[in-house]
Amino acid sequence: MNAARVVALARKEWREIVRDRIFLSLAFLLPVLLMFVFGYGISMDIENVPLVVVDHDRTPSSRAYADRFAHSEHFDFRGLAETERQGEALLSQASVEVMLVIGPNFERDLLSGREVDVQSFIDGSFPATRVPRALETYVEAIDAVATAEVQSAWLARRAGVGLGAATAVLHPIKLDVRYLYNSELRSIWSVAPTLIMFVLVFVMPMLMALGVVREKETGAIYNVYASTVTRGEFLAGKLAPTVAIGAVNATLLWLIAVFYFGAPFKGSLACFAVGTLLYLICTTSLGLLLSLLVSTQQTALMITSISATIIGFQYSGFFNPVQSLTGSSWVLAHAFPPMYYLDVVEGAFLKGMGFGGLWKDELILAAFGGGYIAVSYALFRKRSRA
Amino acid sequence: MDGSGLRMAARQLVVLIRKELRQLVRDRVLLGFTVYIFSLHIVITTLGASDDLRRAATVVHDDDRSAASRELVQRLRAPYFTVTGEVSDPRDGARALDEGSASVFVDIPEDFSERLGRPDQQASVQLLIDTSKVSLGYLAAAYAGRIADGLGSEIARARLARAGIVEPPPRIESRERTWYNFTLDLRASFSLQTLIMMMSIACVMLPATAAVREKERGTIEQLLVAPVSPLQIMLSKVAAMVMVTLAGTALAVYGVLEPIFGVPMRGGAPLFFLMVALYASALAGLGLVLATLARSSGQVGLLVILTVLPMLFLSGTSTPIEGMPQAEQIAIQMLPLYHFIHISYGIAFRGEGIGTLWPSALAVAGIGSVFFALGLWRFRRQLR
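Just so we're clear, the structure is a prediction, and the values are computed from it rather than from any experiment.

### Considerations on the overall build of chain A
Summing up its helical and strand segments, chain A has 16 helices and five strands in all. Over its C-alpha atoms chain A spans a radius of gyration of 28 Å, topping by over 25% the 21 Å that the globule rule assigns to 386 residues. Overall size of chain A, expressed as C-alpha extent along the three principal axes, is 95 × 45 × 35 Å. Across the 386 residues that make up chain A, the buried fraction comes to 52%.

This is the structure:
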């Protein structure tokens, strides 16, 4: 590989990018804009789920019970419905997502120490937005607190002891939960760092996607075929300018995550920088590989954008943690670089880790980058097959 | 325009649509990829999808080593937890969380069984949870709490019995039912979500790149000297896209969604396809607007990503819209996907008809018309 020729090729690529002013500005604007839009928009918190209550009892106890939901930050109380049918109509139009039905003997049964049934109906048609399972656990948690208070009061009356003592008798095991790394369960702290991974998986392949196929379409590639430039030099010259743009972008995204969104960065900056550079090489060379495989720019853009969406949405661990995936999806997630970079991002930001804990992930990223480049090298021929 | 002129215009439109379709079909790689994303891709991603806590790797430090502590560890099992190891030093547990080899650490103190044995004491168990993934962290805490409460209430009952209280304490028993998707089969709705995502990208990207290609190659000049109007050129591109989308959706609905994942289509397939056509034409209009803004394929690719990605991930497919800032909520509602999600899930699961869905349908149509007008205006201006 001749360094002078690589530099000459990279300069030619750079000049091409710089001359397309709109493309150049988009190359820097796009990641920053996406970071802000997603940083504000994507929230894993479940808040203000619209809720309607059907209260057949209408007693102080039933109202107090309904108030627990109305005052929870997870639910947004949208009022009382007279009948189940009215509540169901609201559910079917998706204007509420949870309906709570309190039976007619709520207070009487509760005071006489019987088991009281309450029904909750959860809209399960759209689990992707608001995991009904999470909603179920919120409903259960509120019920558990209500039950615990009712029971303690009951036992205190029954056995003539204090409320605290009654609670201790009834709840022998106390779970002391500590949340590590993100102790306030603040979703922006965990979302902002992972957005670096997410935004780059779209931007980098898209910046590179047309690299080779554009020359194929215009015929400029024949200049390369006829020249003394080797395959390796050509690929290196293509990758270098885009990876450089990526490095600037990644720095901007890191600054936004730390200083704008206030995400804590506790780990080693050097380790994070190495991991990020490897990830940039991975994602850029993936775009280059796709560009080599197809013959028109339209196809390149379609395949790259949809592949990036599939990988970013499904196999990166961004929305669905890889630990929850099963079967084919679990395998596929391990076959793409984002989940390893996600480990680096989470490790360096939230867990305060350095090379000691993350070297394995970075080694895998390096292997992916090397692999993509090797496949591109093997696929790129200076003589087109007849 | 008289009758024959209108017939002529219609014939021209048909010719143009056939040209668009032929271009698409001749690109074998693109065609194969399009078929893949509407069929096999939905199967593969949906089969592996899951939103629940699954076998969270749990490390235990048991200082008590009693029957009671072992019983608690026993109950931390599949499907939610799996105990991957015991450590003798609590610091090793914290390290396992750091390294990511475990996501939950349970620390049972020395006096656990002793306190449980007394009639009125509480034993505390420490639970450390990796919450770098917020949703899983919350579920882990909830499920562990449920397990501890289960064991705790058994012990409490025994304590009460010993004190001579035999009747069970009152309790509020909540019975949850999931509406519309009774078995809470994530896969049915996830398959529809995947279809919508694929459709949304293709509907913007294909016409946008096709239009820019004509500019780049100069074939647009040929269309301009041909006796067809800009409106016809635009309509032909949109109509071709709608046809491709309908064919892909039919493949997905009858080949994957209904037979494999049991999406019920309660509101009827004809209405669903009609709404898909409406949505696809609105998006194709957006694609053409973007094409008039770009001069090269590279530019239009980035422009599409810039508009479609936020629409895709913020319209309520992946995260709830209620949590967003006001301005962003308004912006999202100006894009057609937000309304189409309400429509498509309404038809597929909630069994809604046009009687309740018409405001959303009207919104999609209105947004589409704006895109159309904007595209036509820009297109005409560029021709001068």
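Back to the text.
### Focus: the overall build of chain B
Scanning chain B from terminus to terminus reveals 15 helices and five strands. Oriented by its inertia axes, the alpha-carbon framework of chain B measures out at about 95 × 45 × 40 Å. Per-residue burial over chain B gives 48% buried out of 384 residues. Across chain B, contacts joining residues at least 24 apart in sequence account for 78% of those joining residues at least 6 apart.

### Some remarks on the confidence of the model for chain A
Chain-level pLDDT for chain A is 85 on average; 93% of the residues reach the 70-or-more range. Predicted confidence in chain A is weakest over strand β5 (residues 173-180) of chain A, with a mean pLDDT of 73, and strongest over helix α12 (residues 269-293) of chain A, with 95.

### Side note on the nonpolar core
Grouped together as the largest cluster of nonpolar side chains are 166 residues, with contacts concentrated most on I196(A), V199(A), L200(A) and A208(B). Apart from the residues lying within four places of it in its own chain, the contact partners of A208(B) are G287(B), L288(B), L290(B), A291(B), V300(B) and V304(B). With 67 residues, the next largest nonpolar core counts V118(A), F112(B), L127(B) and A144(B) among its residues.

### Details of helix α11 (residues 269-293) of chain B
Here α11(B) is 25 residues long and its end C-alpha atoms lie 36 Å apart, about the 36 Å a rise of 1.5 Å per residue gives. By the criterion of burial, α11(B) is predominantly enclosed, with 18 of the 25 residues buried.

### A short note on the domain arrangement of chain A
For chain A, the assigned domains are domain 1 (3-42 + 185-379) and domain 2 (49-170). The straight-line distance from the C-alpha centre of domain 1 of chain A to that of domain 2 of chain A is 48 Å.

### Digging into the domain arrangement of chain B
Along its sequence, chain B is carved into domain 1 (3-49 + 182-383) and domain 2 (56-162). A straight line from the C-alpha centre of domain 1 of chain B to that of domain 2 of chain B covers 50 Å.

### Re the pairing of strand β3 (residues 104-108) of chain B
Remember that side chains alternate between the two faces of the sheet whenever the strand is regular. All names here are of chain B. Buried residues dominate β3, accounting for five of its five residues. Alternating residues of β3 divide into V104, V106 and I108 and F105 and D107, and every residue in both groups is buried. Relative to β3, strand β1 (residues 56-62) runs parallel, the two being bridged by five bridges. Looking at β3, one finds that T58 is bridged to V104. Examined bridge by bridge, β3 and strand β4 (residues 123-130) share four bridges and lie antiparallel to one another. Note that in β4 the partner of F105 across the bridge is L128.

### Considering the pairing of strand β2 (residues 81-86) of chain B
Residue and element names in this part refer to chain B. In the sheet, β1 pairs with β2 via five bridges, with the strands oriented parallel. Each bridged residue has a counterpart across the sheet, and for V59 the counterpart in β2 is G85. Once the chain exits β1 it traverses helix α4 (residues 67-75) before rejoining the sheet at β2, and the crossover so formed is right-handed.

### Focus on the packing of α12(A) against helix α15 (residues 338-349) of chain A
Residues and elements named next belong to chain A. Two elements in contact, α12 and α15, have axes whose closest approach is 10 Å; the angle formed by their N-to-C orientations is 160°. Here α12 is positioned roughly antiparallel relative to α15, judged by the angle of their axes. For the crossing formed where α12 meets α15, the hand is left-handed. On the side of α12, the interface is formed by C271, F272, G275 and Y279, while α15 contributes Y341, V344 and A348. Across the contact of α12 with α15, the residue classes break down as six nonpolar, one polar and no charged.

### What about unusual backbone geometry?
Residues and elements named next belong to chain B. We note that R65 has phi near 50°; this positive angle belongs to a residue other than glycine. Position of R65 among the secondary structure elements: in the loop between β1 and α4. Residues other than glycine seldom take positive phi values, yet M265 does so here, at roughly 50°. Of the residues examined, M265 has 18 C-beta atoms within 10 Å and is grouped as partly exposed.

### Points about the confidence of the model for chain B
Residue and element names in this part refer to chain B. Chain-level pLDDT for chain B is 84 on average; 91% of the residues reach the 70-or-more range. Predicted confidence in chain B is weakest over strand β5 (residues 171-179), with a mean pLDDT of 64, and strongest over α11, with 94. For this predicted complex, the interface confidence score (ipTM) comes to 0.80, while the overall pTM stands at 0.82.

### So, the environment of F261(A)
Residue and element names in this part refer to chain A. Structurally, F261 is set in the loop between α11 (231-260) and α12. Separated by 73 residues in the primary sequence, F261 and I188 place their C-alpha atoms 7.2 Å from one another. Contacts of F261, omitting those with residues within four sequence positions, involve G39, I188, A192 and I256.

### Focus on the packing of α11(B) against helix α12 (residues 297-314) of chain B
All names here are of chain B. It is at 9 Å that the axes of α11 and α12 come closest, and there the two elements cross at 135°. In this view, α11 runs oblique relative to α12, as classed from their interaxial angle. Handedness of the crossing formed by α11 with α12: right-handed. Across from L286, L290, A291 and L293 in α11, the residues of α12 making contact are V300, L303, V304 and T307. The residue makeup of the contact of α11 with α12, split by class, is seven nonpolar, one polar and no charged.

### Regarding the environment of A163(B)
Structurally, A163(B) can be placed in the loop between α7 (134-162) and β5. Expressed as a C-alpha distance, the spacing of A163(B) and P119(B), which sit 44 residues apart in the sequence, is 8.6 Å. When sequence neighbours within four positions are dropped, the list of residues in contact with A163(B) reads A159(A) and P119(B).

Reading the values: the criteria
Residues numbered from 1 in each chain as written. Chains lettered and ligands numbered in written order. Predicted model: local features only at pLDDT ≥ 70, side-chain atom pairs only at ≥ 80, totals over all residues. Helix = DSSP H or I, 4+ residues; strand = E, 2+ residues; numbered from the N terminus. Rg over C-alpha atoms; globule rule 2.2 N^0.38 Å. Buried ≥ 20, exposed ≤ 12 C-beta atoms within 10 Å, placed from the backbone. Contact = placed C-beta atoms within 7 Å. pLDDT = per-residue confidence, 0-100. Core = buried A, V, L, I, M, F, W, Y, C linked by C-beta atoms within 7 Å. Expected span 1.5 Å × (residues − 1). Domains from an automatic or database assignment. Pairing = 2+ DSSP bridges. Right-handed = clockwise from strand over helix to strand, strands pointing away. Axes fitted to C-alpha atoms, helices over the stretch in contact; angles between N-to-C directions. Parallel < 35°, antiparallel > 145°, perpendicular 65-115°, else oblique. Left-handed = near helix turned anticlockwise from the far one by under 90°. Nonpolar A, V, L, I, M, F, W, Y, C, P; charged D, E, K, R; others polar.

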